[in-house]
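Examining the three-dimensional arrangement
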Amino acid sequence: MQEDFLYYLWKNRLFESTSLKSINAEQIEIINPGQRNDDSGPDFFNARISIDGFLWAGNVEIHVKASDWTKHGHTKDRAFDTVILHVVYDADVAIKRADGSTIPTIELRGKYDNHRWQHYLDLIQGASKWVPCEKNFLDVPEIVRHQWFDRLLVERLEERTKSIKELFIQTRNNWEESFYRHLSRSFGFRVNTIPFEILSSSLPLATIGRHKNQLVQIEAILYGTAGFLGSIHNDDYYTKELKKEFRILQIKFGLKPMSVHLWKFGRLRPGNFPTIRIAQLASLLYHHEQLFDAVIHANGFAELIDMLDVTASPYWSRHYSFDATSEFSEKNLGRSSIESLIINSIAPFTFFYGQYHQQDYLVQKSLIWLEKCKSENNLILRGWEQIGLKVKDAAGSQALLHQKKMYCDFKKCVNCGIGNYLLKYP
Ligand code: SF4
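Predicted, not measured: the structure shown is a model, and the values here were computed from it. (Residues numbered from 1 in each chain as written. Predicted model: local features only at pLDDT ≥ 70, side-chain atom pairs only at ≥ 80, totals over all residues. Heavy atoms only, no water.)

A tally of regular secondary structure across the protein gives 17 helices and nine strands. At 28 Å, the protein has a C-alpha radius of gyration far larger than the 22 Å of a compact globule built from 426 residues. Principal-axis analysis of the C-alpha atoms gives the protein an extent of 90 × 50 × 40 Å. Long-range pairs, those at least 24 residues apart, make up 59% of the contacts in the protein with a sequence separation of at least 6. For the protein, the exposed area adds up to about 21500 Å²; of that, 49% sits on carbon and sulfur atoms. The centroid of the 52 positive side-chain charges in the protein is displaced by 4 Å from the centroid of its 50 negative side-chain charges. (Helix = DSSP H or I, 4+ residues; strand = E, 2+ residues; numbered from the N terminus. Rg over C-alpha atoms; globule rule 2.2 N^0.38 Å. Contact = heavy atoms within 4.5 Å. Areas by Shrake-Rupley, 256 points an atom, 1.4 Å probe, with all protein chains shown as cover. Lys, Arg positive; Asp, Glu negative; His and termini not counted. Charge placed at Lys NZ, Arg CZ, Asp CG, Glu CD.)

Here we come to the site of the ligand. Contacts to the ligand come from Pro132, Cys133, Phe137, Gln403, Tyr407, Cys408, Cys413, Cys416 and Gly419. Classifying every residue of the shell around the ligand by side-chain character gives seven nonpolar, two polar and no charged. (Near = heavy atom within 4 Å. Nonpolar A, V, L, I, M, F, W, Y, C, P; charged D, E, K, R; others polar.)

We now examine helix H8 (residues 215-226). For H8, which comprises 12 residues, the first-to-last C-alpha distance of 16 Å matches the rise-based estimate of 16 Å (1.5 Å per residue) to within 8%. The element H8 is extensively covered by neighbouring structure, given that 11 of its 12 residues are classed as buried. Of all the positions in H8, only Val216, Gln217, Ile218, Glu219, Ala220, Ile221, Leu222, Tyr223, Gly224, Thr225 and Ala226 are classed as buried. Residues of H8 that are buried make contact with helix H6 (193-202), helix H7 (205-209), helix H9 (237-253) and helix H10 (274-287). (Expected span 1.5 Å × (residues − 1). Buried < 20%, exposed > 50% of the residue type's maximum accessible area, 1.4 Å probe, protein only.)

A few words now on the nonpolar core. Formed by 75 residues in total, the largest nonpolar core has its most connected members in Tyr223, Phe322 and Ile342. Considering every element that reaches this core, the biggest residue donor is helix H13 (residues 335-356), with 10 residues. If we skip the residues at most four places from it in the chain, tyrosine 223 touches Phe228, Leu229, Tyr238, Leu242, Thr275, Ile278, Ala279, Trp316 and Phe322. Residues Ile51, Ile106, Phe149 and Leu152 belong to the second largest nonpolar core, which totals 52 residues. (Core = buried A, V, L, I, M, F, W, Y, C linked by side-chain atoms within 4.5 Å.)

A large share of helix H17 (residues 417-424) lies buried, amounting to six of its eight residues. Among all positions in H17, only Gly417, Ile418, Gly419, Asn420, Leu422 and Leu423 are buried. Those residues of H17 that are buried lie in contact with helix H1 (3-11), helix H3 (114-124), helix H4 (142-170) and helix H16 (394-407).

Attention now goes to the packing of H4 against helix H5 (residues 175-186). Viewed as axis vectors pointing N to C, H4 and H5 meet at an angle of 130 degrees, and their least axial separation amounts to 9 Å. With respect to their mutual orientation, H4 and H5 come out oblique. Where H4 crosses over H5, the two elements pack in a sense that is right-handed. Facing Ser163, Ile164, Leu167, Phe168 and Gln170 of H4, the residues of H5 in contact are Trp175, Ser178, Arg181 and His182. When the residues that make up the contact of H4 with H5 are grouped by side-chain class, the tally is four nonpolar, four polar and one charged. (Axes fitted to C-alpha atoms, helices over the stretch in contact; angles between N-to-C directions. Parallel < 35°, antiparallel > 145°, perpendicular 65-115°, else oblique. Left-handed = near helix turned anticlockwise from the far one by under 90°.)

As paired elements, strand E1 (residues 20-21) and strand E2 (residues 27-32) share two bridges and run antiparallel to each other. Bridging from a neighbouring strand, lysine 21 pairs with glutamine 27 of E2. Two strands pair when backbone bridges link them, and E2 and strand E4 (residues 44-51) are joined in this way by four bridges, in the antiparallel orientation. Bridge pairing links isoleucine 28 to isoleucine 51 in E4. (Pairing = 2+ DSSP bridges.)

Time to look at the pattern of salt bridges. Counted according to the given criterion, the structure contains 14 salt bridges. By sharing partners, the salt bridges in this structure join Asp90, Glu107 and Arg109 into a single network. (Salt bridge = Lys/Arg side-chain N within 4 Å of Asp/Glu carboxyl O.)

Right, let's get into the packing of H3 against H17. Packed helices, taken two at a time, are described by the angle their axes make and the gap between the axes. Packing of H3 against H17 brings their axes to within 9 Å, and their N-to-C directions diverge by 140 degrees. When the axis of H3 is compared with that of H17, the two are oblique. The handedness of the crossing between H3 and H17 is right-handed. Each of Arg116, His119, Tyr120 and Leu123 in H3 lies in contact with H17, whose residues at this interface are Gly419, Leu422 and Leu423. Its residues assigned to classes, the contact of H3 with H17 comprises four nonpolar, two polar and one charged.

Any functional reading would require information beyond the geometric quantities listed.
So, in structure tokens, the structure goes:
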């Protein structure tokens, strides 16, 4: 027996509950099973149970064996004093509260349809290496899948806002500063996420803002703090200018250059080199002093894309790095990189801002932006595609990433909308 299956039975009341009696022969009537608690503490809270005709409101704890109560250390945990009912598969011992009273306990063994247990086992033990239910996934009606994916998308965004919330606290509730730091991370496009994070946290937006009218100064301060200017071998007019500017700004602001070795170039396409990404970030900061304000006031998706479609300064049209020249090609950010920034930074940040200020139109705006971006393409999404599930936009791909990472990989089938449908209609 598994606790997850017992949660599922309890939540959906899928057991014989007429004339239900506790192991001490108390008459039990479930008025409301309560809400599932995914944090520490009892498994269901705000339940309403009638025990021998008296209505109780409180929490419910569920275990495979009653003795798990002691094994899990609940006896000494005051959070479990509020438990009004103990639901177990096997009532091997009677459990008492700190005051010596026995906690009413019901045993589910023999009270549910055994076929359900079999379906549950079939579901979580599916032979597939991808997701256990892959054979049946597409049997779930599209409307059920869509409703579930909508919920997954919101869960995904809420999960992502945890790190944004931390940034917001670190920056003392400064929206522009925390957005700049969060967006900078995304300019690392995975491989250089950490160095971009270090760069933006050692170089406050306010410092950059003091040189907002001079692109060369913004570039100098970014490249200098990133550690690139100390490692240039072939000086030309542009690099000499950057070095000159940085010497002044470094003293003025007490800036300490990072180690240039933190930046990764290996196995990256040249257009993704951090030198190019820094130039594009500089250009974006140069064009929008209050970047987050501009983002949330963008009048439609097309305007947002236009705003983000920046090009690195002319030097970079003949360079990918400082010490080598290349064929002429303008280094504009490009649609797929812009969409990646929207998916990973701009939409989650706007979602958080909208929730924080209870401005639902901004929450909706962030969801619409994700619907307008193309689906991502990675190993997990290719896995879904192989079982016949192809999504067209980033709202769908974000939901599927969340599904796999937060549900399927942990076999949380009884908490999943797909799993609930398959258990109900095997
Ligand atoms: S969590 Fe849901 S989608 Fe994943 S294997 Fe279980 S039932 Fe299928």
